[in-house]
Amino acid sequence: SRDVIGLIVQCRAAESYNLRQSRNRRIMGRKQSLNEAVRGVGVTPATPFGDDLTEVDFAGLKGNLRFLVESGVEMFYPAGNTGEVMSLSAEEWTGVVEVAVDVAGREACVVPGISHELPVAVELARRASGLGADGLLLMPRTQPYISSKGLIHYWRAIRDVTDLPVVLYLRGLPDLDDLVEELGDDDVVACKYADKDISRFASAVSADDSGIAWTCGIAERYAPYFWRAGSVGFTSGLANFAPALSLRLQQLLEDGQSEPAEELSLRCLPFEEIRARNGDSFNVAAVKAAMDRIGLAGGRVRPPLVDLDEAAAHDLTRALPSLETVEV
């Protein structure tokens, strides 16, 4: 009868409305959690491999993540640059994210990086929500002929297949005008700014009226200076082995203690200079070597990255003691 059909239609409409409302509440809850977490130290965990580099050392990764959670880290970017995202297959990426959510997901936000070719990136974005990720870090692509607008289109294609909130990762591209156009979208929570041009960063923060969080994407060495220009946190590779220092630096910045914060950031300088040698070729290898020194699973890097040479390894030994003891 018409009454029965009408009742069915009404029930389906109500069910659809309730599903939309539930989805919106879930999205807003994730956005709020992520917005809070990015206002601090975001650690990009290194990805340990087996001795022959053919497989991810998932047991080692679990131990590393437990160490960080117990140290008080509340924001993780697994499969980021320090996590050698460009060296991970789709299945390895999935395993890394799954482990991160399992170990850290109840204590921290887990926001994996995506920088794969578009068809793979879209598939990984679909997987991330099912794995329990709290958001996505949309990273730059490294390939010939890339453009600012092309990168924006790449990010949009990924965002179209998921309801996860996102952090946009600026390194060189996109242009600020193109970026600012994206910031008003509901799913964009933060921008990780990874260029050294603080003036450009300050201009971007000033031009943005979306209310997103801006973070320093080039770690402790620059964090105090970006803080003055409007950042609310920073991301770190050093925190893989010295999280107490990174967390203390963030606390000093939040407390307005700029001079002690700058002094603490300067203690990171010898280590960061090792990472920067030969065009940043030791960026990840230095982190992994330091992790090995304190009993974590660091290990070797996958080609085309290279491990530390003898001189860098020697200098690392001299640089580490100043990072190990931090007054709280």
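Keep in mind that what you see is a predicted model, and the values were worked out from it rather than measured.

## Considerations on the pattern of salt bridges
All told, the structure shown has 14 salt bridges when counted by the stated rule. For Glu123, the salt bridge identified is with Arg127, shortest N-O distance 3.0 Å. Taken together, the residues Glu123 and Arg127, both in helix 4 (residues 118-131) and 4 residues apart, mark about one turn of the helix. You can call Arg127 partly exposed: its relative accessible area is 23%.

## Here we look at the pairing of strand 8 (residues 213-216)
By the alternation rule, side chains of strand 8 split into Ala213 and Thr215 and Trp214 and Cys216, which are all buried. For strand 7 (residues 188-193) and strand 8, the ladder comprises 4 bridges, and the chain directions are parallel. Its bridge partner being in strand 8, Cys191 is matched across the sheet by Trp214. Considered for its hand, the β-α-β crossover made up of strand 7, helix 7 (residues 198-207) and strand 8 is right-handed.

## Quick look at the pairing of strand 6 (residues 166-170)
For strand 6, the buried fraction is high: 5 of the 5 residues fall into the buried class. Residues Val166, Leu168 and Leu170 point to one face of strand 6 and Val167 and Tyr169 to the other, with burial holding for every one of them. Viewed along the sheet, the connection from strand 5 (residues 136-138) through helix 5 (residues 148-159) into strand 6 turns out right-handed. Taken together, the 5 bridges between strand 6 and strand 7 define a ladder with parallel strand orientation. Counted as the bridge partner of Leu168 is Cys191 from strand 7. Taken together, strand 6, helix 6 (residues 176-182) and strand 7 form a β-α-β motif whose crossover is right-handed.

## Re the packing of helix 2 (residues 58-71) against helix 3 (residues 90-104)
Across the interface, helix 2 lies against helix 3 with an axial gap of 9 Å and an inter-helix angle of 35°. Once helix 2 is placed against helix 3, the crossing between them reads as right-handed. Across the interface between the two elements, Phe58, Leu61, Lys62, Leu65, Arg66 and Val69 of helix 2 pack against Glu92, Gly95, Val96, Val99, Ala100, Val103 and Ala104 of helix 3. Of the residues assigned to the contact of helix 2 with helix 3, the class counts are 9 nonpolar, 1 polar and 3 charged.

## Concerning the packing of helix 4 against helix 5
Here helix 4 crosses helix 5 at 35°, and the two axes come no closer than 8 Å. As helix 4 packs across helix 5, the resulting crossing turns out to be right-handed. Between helix 4, through Leu118, Ala121, Val122 and Ala125, and helix 5, the contact on the second element is made entirely by Tyr154, Ala157 and Ile158.

## Remarks on the packing of aromatic side chains
Counted under the stated rule, the structure contains 5 aromatic pairs. Pairing Phe201 with Trp214 gives two aromatic rings, centres 5.9 Å apart and planes at 85°, and the pair type is edge-to-face. Here the residue Phe201 occupies a position in helix 7, and Trp214 occupies one in strand 8, the gap between them amounting to 13 residues. Residue Phe201 shares its accessibility class with Trp214, and that shared class is buried. Taken together, a centroid distance of 5.1 Å and an interplanar angle of 70° make the contact between Phe241 and Phe271 edge-to-face. One end of the pair, Phe241, is in the loop between strand 9 (234-236) and helix 9 (243-254); the other, Phe271, is in helix 11 (residues 269-275), and 30 residues separate them in sequence. Residue Phe241 shares its accessibility class with Phe271, and that shared class is buried. Members of the aromatic cluster, connected to one another through ring pairs, are Tyr193, Phe201, Trp214 and Phe226. In this structure, Lys192 is placed above the aromatic ring of Tyr77, and the distance from its NZ or CZ to the ring centre is 5.9 Å.

## Focus: the side chain of Arg275
Summarising the element assignment, Arg275 is placed in helix 11. With a relative accessible area of 5%, Arg275 lands in the buried category. A polar contact is formed between the side chain of Arg275 and the side chain of Asn283, at a distance of 2.6 Å. In contact with Arg275, other than residues within four places in its own chain, are Thr82, Gly237, Leu238, Asp280, Ser281, Phe282, Asn283, Ala286 and Val287.

## Details of the confidence of the model for the protein
Mean pLDDT for the protein: 92, with 90% of residues reaching 70 or above. pLDDT under 50 marks residues 16-25. Its contacts with residues more than four places away, or in other chains, come to 1 contact.

## Brief notes about the side chain of Arg159
Relative to the assigned elements, Arg159 resides in helix 5. One polar contact links Arg159 to Asp187, side chain to side chain, over a distance of 2.9 Å. Leaving out residues up to four positions away in the same chain, Arg159 has contacts with Leu138, Val166, Glu182, Asp185, Asp187 and Val188.

Rules behind the numbers
- Residues numbered from 1 in each chain as written.
- Predicted model: local features only at pLDDT ≥ 70, side-chain atom pairs only at ≥ 80, totals over all residues.
- Heavy atoms only, no water.
- Salt bridge = Lys/Arg side-chain N within 4 Å of Asp/Glu carboxyl O.
- Helix = DSSP H or I, 4+ residues; strand = E, 2+ residues; numbered from the N terminus.
- Buried < 20%, exposed > 50% of the residue type's maximum accessible area, 1.4 Å probe, protein only.
- Pairing = 2+ DSSP bridges.
- Right-handed = clockwise from strand over helix to strand, strands pointing away.
- Axes fitted to C-alpha atoms, helices over the stretch in contact; angles between N-to-C directions.
- Left-handed = near helix turned anticlockwise from the far one by under 90°.
- Contact = heavy atoms within 4.5 Å.
- Nonpolar A, V, L, I, M, F, W, Y, C, P; charged D, E, K, R; others polar.
- Phe/Tyr/Trp six-rings, centres within 6.5 Å; stacked < 30°, edge-to-face > 60°.
- Lys NZ or Arg CZ within 6 Å of the ring centre and 35° of its normal.
- Polar contact = N/O pair within 3.5 Å; in protein donor to acceptor, adjacent residues only side chain to side chain.
- pLDDT = per-residue confidence, 0-100.

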